[in-house]
Amino acid sequence: MTPPNMFIVYVRDAAAAARFYGDLFEMKPVFETPRFIAFDLGGGIQLAVWSGVEEGFSFTGSRTSELCLALPGGPEEIDKHFRKWVGKGVDIVAEPYDEVFGRTFVVADPDGNLIRVAPVD
């Protein structure tokens with residue numbers, strides 16, 4: 001069995017972040033500990049939220065990366081997804097706009113990590 005490849009998002013509270021991402025992406029965790037929770041994205045890829053390696057450890061550095069959810073269906077699908085996430089009360093960083101790669105928008109999780117929605121290339 002090949003171990004999964006994983007994207008790790010650093011958060012203050014793993015349980016709260018897992019609830020946020022689980023609701024946002026409509027998925028359930030496949031692995032849970034008090035400070036590390038993983039979701040299966042398919043194809044041997046996982047998304048994990050992690051609140052640190054020891055008590056008092058803090059990920060307070062600047063956020064210089066983003067997750068990207070690539071959707072098929074064109075600009076209408078991007079706008080539809082934006083309205084759906086607004087209904088969930090997410091923190092909007094950039095409302096839908098047209099970029100060189102197509103329609104896109106950006107939101108932030110409760111820790112300020114960025115999540116972009118864009119069209120499939």
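Residues numbered from 1 in each chain as written. Predicted model: local features only at pLDDT ≥ 70, side-chain atom pairs only at ≥ 80, totals over all residues. Heavy atoms only, no water.

Caption draft 1: Seen up close, the environment of Ala15. Looking at the element boundaries, Ala15 is found in helix α1 (residues 14–25). Judged by its relative accessible area of 33%, Ala15 falls in the partly exposed class. C-alpha separation for the pair Ala15 and Thr33, spaced 18 residues apart in sequence, amounts to 8.9 Å. (Helix = DSSP H or I, 4+ residues; strand = E, 2+ residues; numbered from the N terminus. Buried < 20%, exposed > 50% of the residue type's maximum accessible area, 1.4 Å probe, protein only.)

Caption draft 2: Looking closely at the packing of aromatic side chains. Tallied over the entire structure, the rule returns 7 aromatic pairs. Look at Phe20 and Tyr21: their rings are 5.2 Å apart centre to centre, the planes differ by 90°, and that puts the pair in the edge-to-face class. For Phe20, a relative accessible area of 17% translates into the label buried. In this structure Tyr21 comes out as buried when scored by relative accessible area, which is 1%. Here Phe82 and Phe105 contribute two aromatic rings whose centre-to-centre distance is 5.0 Å and whose plane-to-plane angle is 75°, an arrangement assigned as edge-to-face. With Phe82 in helix α2 (residues 75–87) and Phe105 in strand β7 (residues 102–108), the pair connects residues that are 23 residues apart, well separated along the chain. Here Phe82 falls in the buried class, since its relative accessible area comes to 12%. An aromatic cluster is present here, built from Phe20, Tyr21, Phe25, Phe82, Trp85 and Phe105 joined pairwise through their rings. (Phe/Tyr/Trp six-rings, centres within 6.5 Å; stacked < 30°, edge-to-face > 60°.)

Structural measurements only, silent on function.
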